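# Chain and residue survey
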Amino acid sequence: MFVDNGVPKYVQLVGFIEQAIASKDWKLGEKLPSVAKCCMHYRVSRDTVLLAYETLKKRGIVQSVVGKGYFVKSYQVETQRKVFVLFDELNAFKEELYWSLQQHLGENVVVDVFFHHFNPKVFRALIEEANGNYSDYVIMPSNLIGIETSIQKLPKEEVYLLDQTRPEWQDYASVHQDFAVDIYAALTKVQVKLKKYEQLVLIFPEEKEPLGMVEGFVKFAETTKIPYQVIPNFSEDLLQVHSVFIVPRDRDLVQIVETSHANHLVLSKDYGIISYNDTPLKKIVEKGITTITTDFQLMGKTMAQMILNKKRVQVHNPSKIILRNSL
C-alpha cells in the first residue's frame, strides 16, 4: 500500500485518510479507526499513525476527544493549514491587517481570529484551548505581563509574533514594529517644524500602548533639547498654546480637536498634532492630520509569506510619517 518514493509514511497515510473522508467513506462526526487498529491495518508504527492524525487535526479535518479517539470534523480535505490568530482588539487597523493576512494565505488556509482585549487571563485561556488544534499560531502579545509561559507551551516552530516582540523572544519568528526606532525617526524627519513649538506632549496610556514609543520619544526630545511631557490621559487644562501633541489613541485626538474648537485655537498655528495609524478620515479631519503609521497590508502579506514558506525570521515592518496640515 505504501510506496517507497521518499515520501514519509505518515504523509502517505494522511493521503489515504483524506481520500476516505473526501469520498465520505467516513461521515462527519464518525470515529476514525483506533491508533492500534490503524497500525495493524496499514502495518506502520504507532508514532506514524499519531503523527498522521495530529497533522489532520491541525488542519481542522479531524478532531480528538480525550479518552475517546479521533473523529471526522470536516470534508474540506483541501485545507492545507489552519491558522490561529490572536489580536489584542478590533479596530480599523487590525481589520486591514486581518484581511491582508487572509488574502495572502490563500483559499486553502482556514483562519480563526480571536481577541484577548489586553486581558492576560483571556490570553492564557485562548492559548490553552487552541494548543494542538492548529498548524500555526499568530499572536499579538501587546505589552501583556505574565504571558510568557503560555506562549512557551506552543511548539516554537509554529508560533509567529505580530506587531510587537521583546528582546527575550528573539527565538520566535515575528513581523513587528520597532516603536522606539520608528517614532525617533519620524520625529527627526519633521524636526524643523517641531522646533517652532515650545513643548512636545506624548499622551501615553500605559495599559495598551507599546513601551518603546516612550523610549523613542524621550530620546528625541532630550537629543533635540525640546521640552517634553509624557502624560497618561488628556484633559482640557493641558491644551496649552504652542504645544505639539503626539496621540496614539483616536479618542484623545477627538477630545483635543473638540477642546481646541471650544477655546478658539487654530490647529498648526496655536498647537500641533501628530496621530498614530493612518485612516482615510485623517486625510480630511482639520484639513489633514499628520500621522506616524506602519503599513498594515504589508504586515499581513509578510506574515502570510512567512507561514506559507515556513520562514523563521524576525522582520521589522516599515513605518513612516505622513506630513499634513496639523503640524
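Being a predicted model, the structure only gives us computed values, none of them experimental. Note on numbering: residues in each chain are counted from 1, in written sequence order. Since the coordinates come from a predicted model, pLDDT governs what is reported: local features require at least 70, and pairs of side-chain atoms require 80 or more to be given and counted, while whole-chain, interface and lining totals use all residues. Side-chain metrics rest on all non-hydrogen atoms present in the structure, leaving aside hydrogens and water.

## Quick notes on the layout of surface pockets
To be explicit about the condition: The pocket and cavity definitions rest on a 1 Å grid over protein atoms only: a 1.4 Å probe that fits but cannot leave marks a cavity, an open set with protein on both sides within 12 Å along at least five of seven lines marks a pocket, and residues lining either have an atom within 4 Å of a point. Grid points are joined across faces, edges and corners, and a volume is the space filled by probe spheres set on the points. Per the convention used, a helix needs a DSSP run of H or I reaching at least four residues, while a strand needs a run of E reaching at least two, with both numbered from the N terminus. Side-chain classes follow a simple rule in which Ala, Val, Leu, Ile, Met, Phe, Trp, Tyr, Cys and Pro form the nonpolar group, Asp, Glu, Lys and Arg form the charged group, and the remainder, Gly included, forms the polar group.
Here the largest pocket is characterised by a volume of approximately 570 Å³. Lining the largest pocket are 19 residues; nearest its centre among them are Tyr10, Thr55, Arg81, Ser135 and Lys310. Of all the secondary-structure elements, those providing two or more residues to the lining of the largest pocket are helix 1 (9-22) and helix 3 (46-58). The dominant element in the lining of the largest pocket, judged by the number of residues it contributes, is helix 1, at five residues. In the lining of the largest pocket, the residues fall into five nonpolar, four polar and ten charged.

## Side note on the pairing of strand 8 (residues 199-203)
Note the cut-off: Relative accessible area decides the class of each residue, using a 1.4 Å probe on protein chains only: under 20% of the type maximum gives buried, over 50% gives exposed, and in between gives partly exposed. If DSSP finds at least two bridges between two strands, the strands pair.
Burial within strand 8 is extensive, with five of its five residues counted as buried. Burial of the side chains of strand 8 extends over both faces: Gln199, Val201 and Ile203 are buried on one face and Leu200 and Leu202 on the other. Sheet analysis places strand 8 next to strand 10 (residues 243-247), joined by four bridges and oriented parallel. Counted as the bridge partner of Leu200 is Val244 from strand 10. Bridge count for strand 8 against strand 9 (residues 228-231) is four bridges, and the pairing is parallel. Along strand 9, the bridge assignment pairs Leu200 with Tyr228.

## Focus: the sheet that holds strand 10
To keep things clear, this is the line we draw: To get an axis, a line is fitted to the C-alpha atoms, and for a helix only the part in contact is used. The angle between two axes follows their N-to-C directions and goes from 0 to 180 degrees. Contacts between residues were defined by any pair of non-hydrogen atoms, one from each residue, lying within 4.5 Å.
Read across the sheet, six strands follow the order 9-8-10-11-12-14 without closing on themselves; strand pairing throughout is mixed. Whereas interior strands pair on both sides, the edge strands pair on one side only; in this sheet they are strand 9 and strand 14 (319-322). Taking the axes of each pair of neighbouring strands and ignoring which way they run, one obtains an average angle of 15 degrees across the sheet. Contacting strand 8, strand 10 and strand 11 (272-276), helix 10 (residues 250-262) runs over the sheet at an angle of about 160 degrees to strand 11.

## What about the nonpolar core?
Our working definition: Think of a nonpolar core as a cluster: buried Ala, Val, Leu, Ile, Met, Phe, Trp, Tyr and Cys residues, connected wherever their side-chain atoms sit within 4.5 Å.
Residues Ile183, Leu194, Leu200, Phe217, Val244, Ile246 and Ile274 are the most contacted members of the largest nonpolar core, which totals 23 residues. Ranked by residues supplied to this core, first place goes to helix 9 (residues 212-224) with five residues. Contact partners of Leu194, with chain neighbours within four places excluded, come to Leu187, Leu200, Phe220, Ile226, Val244, Ile274 and Leu327. Of all hydrophobic cores here, the second largest spans 22 residues; its members include Val85, Val138, Met140 and Met303.

## Re helix 3
Operational definition: Multiplying one less than the number of residues by 1.5 Å gives the expected span of a helix.
Over its 13 residues, helix 3 extends 18 Å from the first C-alpha to the last, a length consistent with the 18 Å expected when each residue adds 1.5 Å. Within the sequence span of helix 3, burial applies to Thr48, Val49, Ala52, Tyr53, Leu56, Lys57 and Lys58. Buried positions along helix 3 lie against helix 1, helix 2 (35-42), strand 1 (62-65), strand 2 (69-72) and strand 3 (81-87). Backbone geometry just downstream of helix 3 places Gly60 in the positive-phi region, at approximately 80 degrees.

## Brief notes about the state of the cysteines
Spelled out, the test is: Put simply, a disulfide is two cysteine sulfurs that come within 2.5 Å.
Inspection of the entire model under this criterion finds zero disulfides. The thiol sulfur of Cys38 is not disulfide-bonded, and the nearest other cysteine sulfur, from Cys39, lies at 6.7 Å. Assessed through its relative accessible area of 2%, Cys38 is described here as buried. Residue classification places Cys39 among the buried positions, given a relative accessible area of 14%.

## Thoughts on the pairing of strand 6 (residues 159-163)
For strand 6, the buried fraction is high: five of the five residues fall into the buried class. Bridge analysis of strand 5 (residues 136-139) against strand 6 gives three bridges, and the strand direction is parallel. Bridge assignment links Ile139 to a residue of strand 6, and that residue is Leu161. The sheet contact formed by strand 6 and strand 7 (residues 173-176) spans four bridges and is parallel. Paired with Leu161 across the bridge in strand 7 is Ser174.

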